[in-house]
Amino acid sequence: MLEVLHLLSFGLGLGSGFLLILGLIRPVLVLWFLDRFNRLKVIQVYGLATLIFLALSFVMQMVG
């Protein structure tokens, strides 16, 4: 069960990291649900998600 959570959080971390890079190039592609499209918002939304998911993946790897 922990391995599944580890793989899921790692995959979500990689996905949000990819969207972070894509959003730094074209913010409108990843922030379509907001009314303002700027790179700072991309870093706030997807950078935080990337850090949280990769940290969770690291913790799951250390526990299991």
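You'll find the structure just up there.
What counts as what
Residues numbered from 1 in each chain as written. Predicted model: local features only at pLDDT ≥ 70, side-chain atom pairs only at ≥ 80, totals over all residues. Heavy atoms only, no water. Helix = DSSP H or I, 4+ residues; strand = E, 2+ residues; numbered from the N terminus. Polar contact = N/O pair within 3.5 Å; in protein donor to acceptor, adjacent residues only side chain to side chain. Contact = heavy atoms within 4.5 Å. Core = buried A, V, L, I, M, F, W, Y, C linked by side-chain atoms within 4.5 Å. Buried < 20%, exposed > 50% of the residue type's maximum accessible area, 1.4 Å probe, protein only. Phe/Tyr/Trp six-rings, centres within 6.5 Å; stacked < 30°, edge-to-face > 60°. Patch = residues over 30% accessible without salt bridge, like charges linked within 9 Å, V, L, I, M, F, W, Y side chains within 5 Å. Areas by Shrake-Rupley, 256 points an atom, 1.4 Å probe, with all protein chains shown as cover. Salt bridge = Lys/Arg side-chain N within 4 Å of Asp/Glu carboxyl O. Expected span 1.5 Å × (residues − 1).

Undergrad: Requested: an account of the side chain of serine 16, with residues and values cited.
TA: Mapped onto the fold, serine 16 is located in helix 1 (residues 2-25). There is a polar contact of 3.0 Å between the side chain of serine 16 and the side chain of threonine 50. When near neighbours in sequence (up to four residues on either side) are disregarded, serine 16 contacts Tyr46, Ala49, Thr50 and Phe53.

Undergrad: Hey, could you go over the nonpolar core for me, with residue numbers and the actual values?
TA: Listed in full, the five residues of the largest apolar core are Leu20, Val30, Leu31, Val42 and Tyr46. Not counting residues up to four positions away in its chain, the partners in contact with valine 30 are Leu19, Leu22, Gly23, Val42 and Tyr46.

Undergrad: I'd like a rundown of the packing of aromatic side chains, residues and numbers included.
TA: Given two aromatic rings, one states the distance between the centres and the angle between the planes to describe the pair. If you walk through the whole model with that rule in mind, you get one aromatic pair. Seen from their ring centres, tryptophan 32 and phenylalanine 33 are 5.5 Å apart, and the 90 degrees between their planes marks the pair as edge-to-face. Tryptophan 32 gets classed as exposed once you look at its relative accessible area, which sits at 65%.

Undergrad: Please provide a residue-by-residue account of the environment of glycine 15, values included.
TA: By secondary structure assignment, the location of glycine 15 is in helix 1. On the accessibility criterion, glycine 15 (31% relative accessible area) is partly exposed. Distance from glycine 15 to methionine 62, taken between C-alpha atoms, is 21 Å for residues 47 residues apart in sequence.

Undergrad: So, the environment of valine 28: which residues are in play, and what are the values?
TA: Residue position: valine 28 is located in helix 2 (residues 27-30). Separated by 12 residues in sequence, valine 28 and serine 16 place their C-alpha atoms 15 Å apart.

Undergrad: A description of the side chain of histidine 6 should follow, citing residues and the corresponding values.
TA: Inspection of the secondary structure puts histidine 6 in helix 1. Those residues within four positions of histidine 6 in sequence are excluded, and the remaining contacts are Ser57, Met60 and Gln61.

Undergrad: Talk me through a nonpolar patch on the surface; I want residue IDs and the actual numbers.
TA: Together, Met1, Leu2, Leu5, Leu8, Leu12, Phe58, Val59, Met62 and Val63 make up an exposed nonpolar region whose accessible area comes to about 920 Å². Broken down by secondary-structure element, the contributors of at least two residues to the nonpolar patch are helix 1 and helix 3 (39-63). Structurally, valine 63 can be placed in helix 3.

Undergrad: How would you sum up helix 1? Please name residues and give values.
TA: The terminal C-alpha atoms of helix 1 lie 35 Å apart, and with 24 residues this matches the ideal 34 Å at 1.5 Å per residue to within 8%. Every buried residue of helix 1 is listed here: His6, Ser9, Gly13, Ser16, Gly17, Leu20 and Gly23. Buried residues in helix 1 make contact with helix 2 and helix 3.

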